[in-house]
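Each chain, letter by letter, is given below.
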Amino acid sequence: MAAQATLHCLTGCAIGEVLGMVIGTAFGWGNMPTMILAIVLAFFFGYSLTLRGVLKAGVDFRTAFRVALAADTLSIAVMELIDNGVIALWPSAMDAHLSDVLFWGALATSLAIAFVATTPVNKWMIGRGKGHAVVHQYHH
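Thresholds applied
Residues numbered from 1 in each chain as written. Predicted model: local features only at pLDDT ≥ 70, side-chain atom pairs only at ≥ 80, totals over all residues. Heavy atoms only, no water. Buried < 20%, exposed > 50% of the residue type's maximum accessible area, 1.4 Å probe, protein only. Axes fitted to C-alpha atoms, helices over the stretch in contact; angles between N-to-C directions. Helix = DSSP H or I, 4+ residues; strand = E, 2+ residues; numbered from the N terminus. Parallel < 35°, antiparallel > 145°, perpendicular 65-115°, else oblique. Left-handed = near helix turned anticlockwise from the far one by under 90°. Contact = heavy atoms within 4.5 Å. Nonpolar A, V, L, I, M, F, W, Y, C, P; charged D, E, K, R; others polar. Lys, Arg positive; Asp, Glu negative; His and termini not counted. Salt bridge = Lys/Arg side-chain N within 4 Å of Asp/Glu carboxyl O. Core = buried A, V, L, I, M, F, W, Y, C linked by side-chain atoms within 4.5 Å. Expected span 1.5 Å × (residues − 1). Bend = angle between axes of the 7 residues up to and from the residue. Polar contact = N/O pair within 3.5 Å; in protein donor to acceptor, adjacent residues only side chain to side chain. Phe/Tyr/Trp six-rings, centres within 6.5 Å; stacked < 30°, edge-to-face > 60°.

**Q** Explanation requested: unusual backbone geometry in the structure shown.
**A** Negative phi is the rule for most residues except glycine; trans is the rule for most peptide bonds. Unusually for a residue other than glycine, S92 sits at a positive phi of about 70°. The class of S92 is partly exposed, set by a relative accessible area of 48%.

In structure tokens, the structure reads:
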């Protein structure tokens with residue numbers, strides 16, 4: 001269940017990260033604005049995926065939003081910290097362009113490392129009845 005919760009988190013984070021990096025790189029933004037956009041979009045898409053599932057269960061928006069925040073905040077934060085940390089520390093990765101293999105290779109590798117690092121966090125939360133254990137009660 002922890003790996004599945006992390007995969008869910010990774011999906012939202014990856015959509016946001018890729019979109020943010022693509023937008024920032026395409027517009028020639030600096031590293032910091034691009035990274036901030038990618039992080040904001042990662043949280044947005046991560047929460048959105050959970051919201052969609054909980055809303056489908058017939059829960060009102062306010063409750064669904066609270067569930068998404070409770071379920072995903074720590075997971076997304078850890079994923080983003082690891083993902084962006086790897087990219088920031090990877091030589092030349094922050095300066096790579098969309099057409100560079102380095103851009104896509106560093107991004108894919110950083111997300112894979114973030115998945116491995118975040119899975120134990122989700123396992124810990126689920127074991128305490130938190131995180132995606134809360135979301136699971138809304139799945140039918």
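**Q** What am I meant to see in the packing of helix α1 (residues 2–26) against helix α3 (residues 61–89) here?
**A** For any two helices packed against each other, one specifies the inter-axial angle together with the distance between the axes. Interhelical geometry of α1 versus α3 gives an angle of 50° and a closest axis separation of 10 Å. Taken together, α1 and α3 sit at an angle that is classed as oblique. Note on packing geometry: the crossing formed by α1 with α3 is right-handed. Between α1 and α3, the residues in contact are T6, H8, C9, L10, C13, E17 and M21 and D72, S75, I76, M79, E80, D83, N84 and I87, respectively. In terms of residue class, the contact of α1 with α3 is built from seven nonpolar, four polar and four charged.

**Q** Which parts of the structure should I look at to understand the side chain of D83?
**A** Among the structural elements, D83 can be located in helix α3. Buried and without a salt bridge, D83 has R52 as its closest oppositely charged side chain, separated by 20 Å. The contact partners of D83, leaving out residues within four places of it in the chain, are E17, L107, S110, L111 and A114.

**Q** What is the right way to look at the nonpolar core in this model?
**A** The biggest cluster of nonpolar side chains holds 23 residues, and the ones touching the most others in it are C13 and M79. Contributing elements (two or more residues each) for this core: α1, α2 (31–56), α3 and α4 (101–127). In terms of residues, this core owes the most to one element, α3, which gives six residues. Those residues in contact with C13 that sit more than four places away from it in its chain are A42, I76, M79 and E80.

**Q** Any chance you could explain α3 here in plain terms?
**A** For the α-helix, the turn length of 3.6 residues means that residues three or four positions removed from each other point alike. With 29 residues, α3 should cover 42 Å at 1.5 Å per step; its first-to-last C-alpha distance of 39 Å lies within 8% of that length. Of all bends in α3, the biggest is about 45°, found at D72. Of the residues that open α3, the one with a side-chain oxygen 3.3 Å from the backbone nitrogen of R62 is D60.

**Q** Before we go on, may I ask you to explain the packing of aromatic side chains in this structure?
**A** For any pair of aromatic rings, geometry is given as the distance between the ring centres together with the angle between the planes. The tally for this structure, following the rule as stated, stands at five aromatic pairs. Ring geometry for F43 versus Y47: centroids 5.8 Å apart, planes at 50°, classification tilted. In this pair, F43 and Y47 are both assigned in helix α2, four residues apart and thus about one turn of the helix distant. Ring geometry for F44 and F45: centres 5.2 Å apart, planes at 85°, overall edge-to-face.

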